[in-house]
Amino acid sequence: MSLLKSNTFISAHDVTDINALADKALHYKANPFIDKQLGENKRIGCLFLNPSMRTRLSTQIAAQNLGMEAIVFNVGSEGWQLEFEEDAIMNGKTVEHIKDAAPIFGKYFDILAIRTFPSLVNKEDDYSELYINQFIKYSGLPVVSLESATLHPLQSLTDVVTIKETYTPFNEGKRPKVVLTWAPHVKPLPQCVANSFAQWMNAWNEVDFVVTHPKDYELDKQFTGNAPIIYDQNEALKDADYVYVKNWSTYNDYGKIYNSDPEWMLTPEKLQLTNNAKVMHCLPVRRNVELSGAVLDGPNSIVTQEAGNRVWAAQAVLSELLQLQ
Ligand code: CP
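Fair warning: this is a prediction, and the values are worked out from it, not measured in the lab.

A closer look at the pairing of strand β3 (residues 69–73)
Where strand β2 (residues 43–48) and β3 come together, five bridges link them in parallel fashion. The partner of Gly 45 across the bridge, within β3, is Ile 71. Between the parallel elements β2 and β3, the chain passes through helix α2 (residues 54–65) in a crossover that is right-handed.

Take a look at the structure:
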């Protein structure tokens, strides 16, 4: 049975069994080339409208492990500027409409993978996932999100994989306490990683999930669900087994910075409140702004292991999409 509901992977809701997909990723970690024949004579187009390091490299490696050819196109910096508005009169900066470009990707590739960040200006467009939905609609291809306007599903699957492989008491039926904490930053960042992490933790339903952030940084309830929201970070961190650190800009008054209080940075002193928690971050991270260097360089940080697992998460998803073809 497929672990994906259809040939798109843009959200936790596209997965039939998160545990099984994470297990598949761990299976690939132990046996990277076991399905080398699966993607033979298949090609994935990885389109980046925005910068990337981990997502770009891990997706290419995952595709190659499955025998696929991966072609990367930095649309945002090297391609024609795309227009997404349905009936736009294109007398401005945009050069090519998505309706004209996407079907061409459909001729070149077997799978399309896309990174398209939010504007942080037009909340309605961002939260309707206008851009990635246009690629899905007009390319006619299986589509994988490499981070869209509101979600980052390959990152979140990686995070599930990383918790699964590092939390041994799972075997004794004990649930870990996982805390998503807001952290300061110097510029307004998307809510994607935080939304996505919350969505996947809730959908996975194998952890006790808590969110902490300053007042007015509430995320969209469709992602946080029934998770307790605690405004006192110290209280939230008590007895945590995992602390997931991430900045996001305001959701209600969209895309703003209301708070840059350094007290919210995760430090060794704050870690003392936890159950010797493992510390996660999707990276890139602003050292000594979001997370102290002492935490990042210390024994509790698993950020490098987490980033390494991006390959296996991507490989599990691409493998499922190839098997649907
Ligand atoms: N975590 C993550 O998506 O990293 P990149 O932006 O470098 O791809």
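Overview of the environment of Asn 288
Mapped onto the fold, Asn 288 is located in the loop between β12 (278–280) and α12 (293–296). Judged by C-beta crowding, with 14 C-beta atoms within 10 Å, Asn 288 ranks as partly exposed. Spatially, the C-alpha atoms of Asn 288 and Thr 267 are 8.8 Å apart, while their sequence positions differ by 21 residues.

A few points about the sheet that holds strand β10 (residues 229–230)
Adjacent strands of a sheet pair through backbone hydrogen bonds, lying either parallel or antiparallel. If you walk across this open sheet you meet the five strands as β10-β9-β8-β11-β12, and the pairing is parallel. Edge positions in the sheet fall to β10 and β12, since each has one partner strand and no second. As judged from the five bridges shared by strand β8 (residues 177–182) and strand β9 (residues 208–212), these two strands associate in the parallel manner. Pairing of Val 178 across the sheet is with Phe 209, part of β9. Most of the contacts of helix α8 (residues 192–204) go to β8, to which it runs at about 165°, and overall it touches β8, β9 and β11 (242–246).

Digging into the packing of helix α7 (residues 153–166) against α8
Two measures define how a pair of helices packs: the angle their axes make with one another and the distance between the axes. Packing of α7 against α8 leaves a shortest axis separation of 9 Å and a crossing angle of 50°. On the basis of the axis angle, α7 is oblique to α8. In this structure, α7 meets α8 at a crossing whose hand is right-handed. Of the residues in α8, those touching α7 at Pro 153, Gln 155, Ser 156, Asp 159 and Val 160 are Val 193, Ser 196, Phe 197, Gln 199, Trp 200 and Trp 204. Looking at the contact of α7 with α8 residue by residue, the classes come out as six nonpolar, four polar and one charged.

A closer look at the domain arrangement of the protein
By the assigned domains, the protein splits into domain 1 (8–151 + 309–324) and domain 2 (155–305). Spacing between the C-alpha centres of domain 1 and domain 2 amounts to 25 Å. Each side of the interface is counted separately: domain 1 has 22 residues, and domain 2 has 23 residues. Breaking the side of domain 1 that touches domain 2 down by element, the ones donating at least two residues are α1 (18–30) and α14 (310–324). No other element matches the five residues that α1 contributes to the side of domain 1 that touches domain 2.

A look at the nonpolar core
Within the largest apolar cluster, 95 residues are counted, with the highest numbers of intra-cluster contacts made by Leu 112, Val 179, Val 243 and Val 317. Per-element tally for this core: the top contributor is α14, with nine residues. Looking at which domains feed residues into this core, each of domain 1 (8–151 + 309–324) and domain 2 (155–305) supplies at least three. Beyond its immediate chain neighbours, meaning those up to four positions away, Val 179 contacts Val 210, Thr 212, Ala 236, Leu 237, Ala 240, Tyr 242, Val 243 and Tyr 244.

Description of the UniProt feature "domain: Aspartate/ornithine carbamoyltransferase Asp/Orn-binding" (unreviewed entry) in the protein
UniProt annotation of "domain: Aspartate/ornithine carbamoyltransferase Asp/Orn-binding" (unreviewed entry) refers to residues 193–319 when read in the numbering used here. For residues 193–319, the end-to-end C-alpha separation is 23 Å, with 35% helix and 12% strand making up the annotated structure.

Overview of the sheet that holds strand β6 (residues 111–115)
Strand order in the open sheet made by the five strands is β1-β7-β6-β2-β3, with parallel pairing throughout. With one partner strand each, in any of the chains shown, β1 (8–9) and β3 form the two edges of the open sheet.

Here's the deal with α7
An ideal rise of 1.5 Å per residue puts 20 Å on 14 residues; α7 measures up with 20 Å between its terminal C-alpha atoms. The element α7 is largely enclosed, with a buried count of eleven among its 14 residues. All of the buried residues in α7 are Pro 153, Leu 154, Gln 155, Ser 156, Leu 157, Thr 158, Asp 159, Val 160, Val 161, Thr 162 and Ile 163.

Notes on the site of the ligand
Looking at the ligand, the residues that line it are Ser 52, Met 53, Arg 54, Thr 55, Arg 56, Glu 147, Gln 155, Cys 282, Leu 283 and Pro 284. Its residues placed into classes, the shell around the ligand shows four nonpolar, three polar and three charged.

Quick notes on α14
Helix length check: α14, at 15 residues, gives a terminal C-alpha distance of 22 Å against a target of 21 Å (1.5 Å per residue), a fit within 8%. Burial runs high along α14: 13 of the 15 residues are buried.

What counts, and at which threshold
- Residues numbered from 1 in each chain as written.
- Predicted model: local features only at pLDDT ≥ 70, side-chain atom pairs only at ≥ 80, totals over all residues.
- Pairing = 2+ DSSP bridges.
- Helix = DSSP H or I, 4+ residues; strand = E, 2+ residues; numbered from the N terminus.
- Right-handed = clockwise from strand over helix to strand, strands pointing away.
- Buried ≥ 20, exposed ≤ 12 C-beta atoms within 10 Å, placed from the backbone.
- Contact = placed C-beta atoms within 7 Å.
- Axes fitted to C-alpha atoms, helices over the stretch in contact; angles between N-to-C directions.
- Parallel < 35°, antiparallel > 145°, perpendicular 65-115°, else oblique.
- Left-handed = near helix turned anticlockwise from the far one by under 90°.
- Nonpolar A, V, L, I, M, F, W, Y, C, P; charged D, E, K, R; others polar.
- Domains from an automatic or database assignment.
- Core = buried A, V, L, I, M, F, W, Y, C linked by C-beta atoms within 7 Å.
- UniProt positions renumbered as here; feature names shortened; annotations may be inferred.
- Expected span 1.5 Å × (residues − 1).
- Near = placed C-beta within 6 Å.

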